[in-house]
Structure formats: structure tokens, C-alpha cells
Amino acid sequence: MLKIRIIPILTFNGLGLVKTKQFSNPRMVGNAVQAARVYNSRGVDELIFLDISASQQNRKINLKLVADVIKECYMPVGIGGGISCIDDINNLLKIGADKVIIKTKALTDKTFIKECVSFFGSQCISISVDAIKNGDNYSIYNKLNLEITLEEFINDMNECNVGEFVVTSVDCDGMMDGFDVNLINRVASKTNIPIIAVGGGGNMTHFNDLFLNSTTEAVGSASIFHFTQYTPLDIKMELQKLNKPVRL
Amino acid sequence: MIAIVDYGMGNVASVQKALNFLNLKSIITNDHKLIAESNYIVLPGVGSFKQGMINLKEHKLDELLTKLVIHEKKNFLGICLGMQLIAEFGNEPEKCEGLGWIKGEVKKMESHHLRIPHMGWNDIDIKNETYFNGILSKDFYFIHSFHFDVTNINDVSSFVRYGDKLVSSIQHENIFATQFHPEKSQDSGLQLLRNYFSNAKD
């Protein structure tokens, strides 16, 4: 049986690891390579590393640093940040990335995403869906002043045949007071590719709620691992009590 | 020496990293002479079947590998796309011929209720224990949308259940191949590689 994936997320701002709240107020939380080493030793299911300011600062991801992070990992790693051409992806795969995570370019260039999928295969191309609540609906958070609804974006990306959605609730990011299960279910009902739910995990109850009330098979989290004593294994032990499939 | 075949289909670095961890000497190459001189051939890879065949043919690696593996019986390990390419036929993005070493066809996974790609850790049902000795967990990491429908069940060394029963590894004489990624499957994957290459140290 396919196991639920508990995925620590490392967010990098060009200088160091940071953790944001609602996508602002970055707080320094340490060293990326050391963090990757710890997560590897704990046998986590997967790791995500995102350079959250590369696109905004119009620079490429630091390949040397990413290579050092990946070197620590004997599990799959997804990398994102400032990906805007085929060579960017080639460079990341060459140093051992398994998946790339694309956001900004996906908002502006569907043709590019289609090209990525045909070149590298669906399974390699994950799309970051940063959703912000807007009354009863959601729109896609971006710094390009683009107005795009959650549904429009999911449909566009489905059409491109991408392999996975990393769905982050901007409102819940870093707040540690629970996931936006409604958001996750909305995306789940619009696609049949895997979804990683992100944003809001602060205690065991939050994770239990997410997996009891949605069909998602993966969760990404950062704050809970930076700021509490909980580890990915603790979350799995709790989920196991609910008869959810986990890898211990 | 282990030759990791470099044919521009990604992820060769991860395989070498795992082999380095196990203190196994390997080289990433598309050089015919170096591949012919090696004791083991590893064909990794991610991406589309057709592109994989095009890339192999571009360097005449298809002919070389068939000569070494089928006629000279050199040990061969295929991983993910490297397992699929040894099929007779693939379908990504359209039907095309593979290396044809193992009878069967690589087909798109179809499901109404399961998310595809099949992505994540899944436990396998082992039919042939040869290389799975000493493995503590049967969970391995999968990431694929196509699966190898193997004709002869005797060629199958393990299955994985994802909706249907899918082939997760193949063993036939000197050929061993996995749909999952041992190099990304932490302790279990490393143990599998250790088992497989236990004769490779030179």
C-alpha cells in the first residue's frame, strides 16, 4: 500500500534557511546542509528545498549549495526556485534532484511547462500552488500582479500533464494553527495527480485532521520541525494509530 | 568496476552517490571501451521511453548493451526507465521499440480512483529473494506513470500493488531491474545495492 509522505520543507532566501509567516517576516532558522543531514539520518520520506526569493530577485538558484544539500540525502529531493528554462532543470537533475518545483514561470508560460513535461516526463515536474483566500474562493498568490483563480491555474496545469501539486495555503503559512483542509479538498476534486498539502501544521491534531478529512497522501511542513520538539516520525506514529498507512 | 551508462536521461549522480556510499568503484560514461571493460552495467534514467531509445541509439549504445548483456552475459542492473527500456515495446509518448531483452510492453497506468503518477513509498511483494536478503523494510520509493507489463511471470522478481498488481522488479539470468529507485530508498535501497554488487568489489 502506498504510504503517506511526511515531507520537511527547507525554504531558503539566498542567504540562509528562513521560515515565513503568511509568506512574510522571514525568520532565520539555520543551515540548509546541516538540516538536510539531520532529516536524512531520521529517514524522512522525501525532502523539499525551495529558494523562495530567486524569481523575485531575478537570480538563479545556488547550484553549489543545492548540490551540498542533495549530497546528504539518500531519499528523493524536490528542488524549486527561479526555474525558467530547460537548462535550469537539467542542471538540477544532473546534481541529483528527482523533481523540480516550478511556480512563477508556470503562471506566465504554459508552453514552457508543456515543454518541460515532454522533455523530462510528468513525474519530474511538480507545480507550486500558493493559494490565498479571497472571500469564499482562492486566488494564486504572486508578485506579478496577475489575477488568476485557483481553479483556472489547476485546470491549466492539468492540461500540461504535470506530475504533482505542492499546495500551500498562504493564510496558514507559518501560523501553526492547522491546515486549510477545504483548500486541499478543492484541489483534490479538480485533479488526479498527487498533492502535497502545505501550511499550518503545528501539532499532531492538525496532521490527524488533514489525513482524516482529505484524500491527500502527502504533507509538507517546516515550522513544526523548526520550532517544536516533534519529528516526522512522531507524526507518523500518530497517524498509525488512526490506521493510516505510514512508513516507520 | 561498475559502468553507469550516461545517455542524457538524468539522475546518474544519485546512483553513483549510493555506490560511493557502499565503497563501490563506478564510472559514469558512454564510452564503449569503458563499458565493455566493466564487470557490471547500470542503466538508470528518468524521462520518456522514446527519448531514452533515441539517446541510446545516438551513441550506438543499444547495440553495445545488447551485445554485452545478451550475448556476453555481463551483469546488468536497470533502474526505473532503465528497467522499462529492456522491454520489447514502450508507449511514451507513442508506441516504439525497446531493447527487447525481456518479453512484454511498457504501458500507461490507468485508474479512475488512484492518483497517477504512482509517487511515494510502497511495499513490494517479493517473489525471488536473491537480492532482497537482509532487507528490514519492504518499502521502496516509486515515481512513475508507466509500468512494465511482463509477459513471462518467471521474469518477475517482485510485485507492487497500486490498484493493479504491477511489476516492481525483474530478474532473468544476468539481468536485474527495478521500477523503484534503490538509490533513493534509504536503508532498504542501499542494502539491495549492497547485495547486488557483493561480487563487484575489485
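Residues numbered from 1 in each chain as written. Chains lettered and ligands numbered in written order. Predicted model: local features only at pLDDT ≥ 70, side-chain atom pairs only at ≥ 80, totals over all residues.

1. Structural notes on the overall build of chain A
- Within chain A, the secondary structure is distributed over 10 helices and 11 strands.
- The C-alpha atoms of chain A give a radius of gyration of 17 Å, which matches the 18 Å a tight globule of 248 residues would have.
- Structurally, chain A occupies a C-alpha span of about 45 × 40 × 40 Å along its principal axes.
- The buried share among the 248 residues of chain A stands at 53%.
- Counted over contacts in chain A with a minimum sequence separation of 6, partners at least 24 positions apart contribute 66%. (Helix = DSSP H or I, 4+ residues; strand = E, 2+ residues; numbered from the N terminus. Rg over C-alpha atoms; globule rule 2.2 N^0.38 Å. Buried ≥ 20, exposed ≤ 12 C-beta atoms within 10 Å, placed from the backbone. Contact = placed C-beta atoms within 7 Å.)

2. Examining helix H10 (residues 232-241) of chain A
Residues and elements named next belong to chain A.
- Of all the positions in H10, only Pro 232, Ile 235, Lys 236 and Leu 239 are classed as buried. Projected onto a plane normal to the axis of H10, the buried residues spread over an arc of 100° and lie on a single side.
- Next to the buried residues of H10 lie strand E1 (5-12) and helix H8 (204-213).
- Among the residues trailing H10, Asn 243 stands out with phi positive, at a value near 65°. (Arc of directions from axis to C-beta.)

3. A short note on the packing of helix H1 (residues 32-41) of chain A against helix H2 (residues 63-71) of chain A
All names here are of chain A.
- Two elements in contact, H1 and H2, have axes separated by 8 Å at closest approach and are oriented at 20°. In terms of axis orientation, H1 runs roughly parallel to H2. Like other packed secondary-structure pairs, H1 and H2 cross with a definite hand, here right-handed. Where H1 abuts H2, its residues Ala 32, Val 33 and Ala 36 lie against Leu 65, Asp 68 and Val 69.
- Its residues assigned to classes, the contact of H1 with H2 shows 5 nonpolar, no polar and 1 charged. (Axes fitted to C-alpha atoms, helices over the stretch in contact; angles between N-to-C directions. Parallel < 35°, antiparallel > 145°, perpendicular 65-115°, else oblique. Left-handed = near helix turned anticlockwise from the far one by under 90°. Nonpolar A, V, L, I, M, F, W, Y, C, P; charged D, E, K, R; others polar.)

4. Some details on the interface of chain A and chain B
- Taken together, the contact pairs 28 residues of chain A with 27 residues of chain B.
- Here the side of chain A that touches chain B is composed, by residue class, of 12 nonpolar, 7 polar and 9 charged.

5. Concerning the nonpolar core
- One finds A:Leu47, A:Phe49, A:Val100, A:Val129, A:Val167, B:Ile41 and B:Val42 to be the most contacted residues of the largest nonpolar core, which totals 146 residues.
- In contact with B:Val42, not counting residues within four places along its chain, are B:Ile2, B:Ala3, B:Ile4, B:Val5, B:Val15 and B:Leu77. (Core = buried A, V, L, I, M, F, W, Y, C linked by C-beta atoms within 7 Å.)

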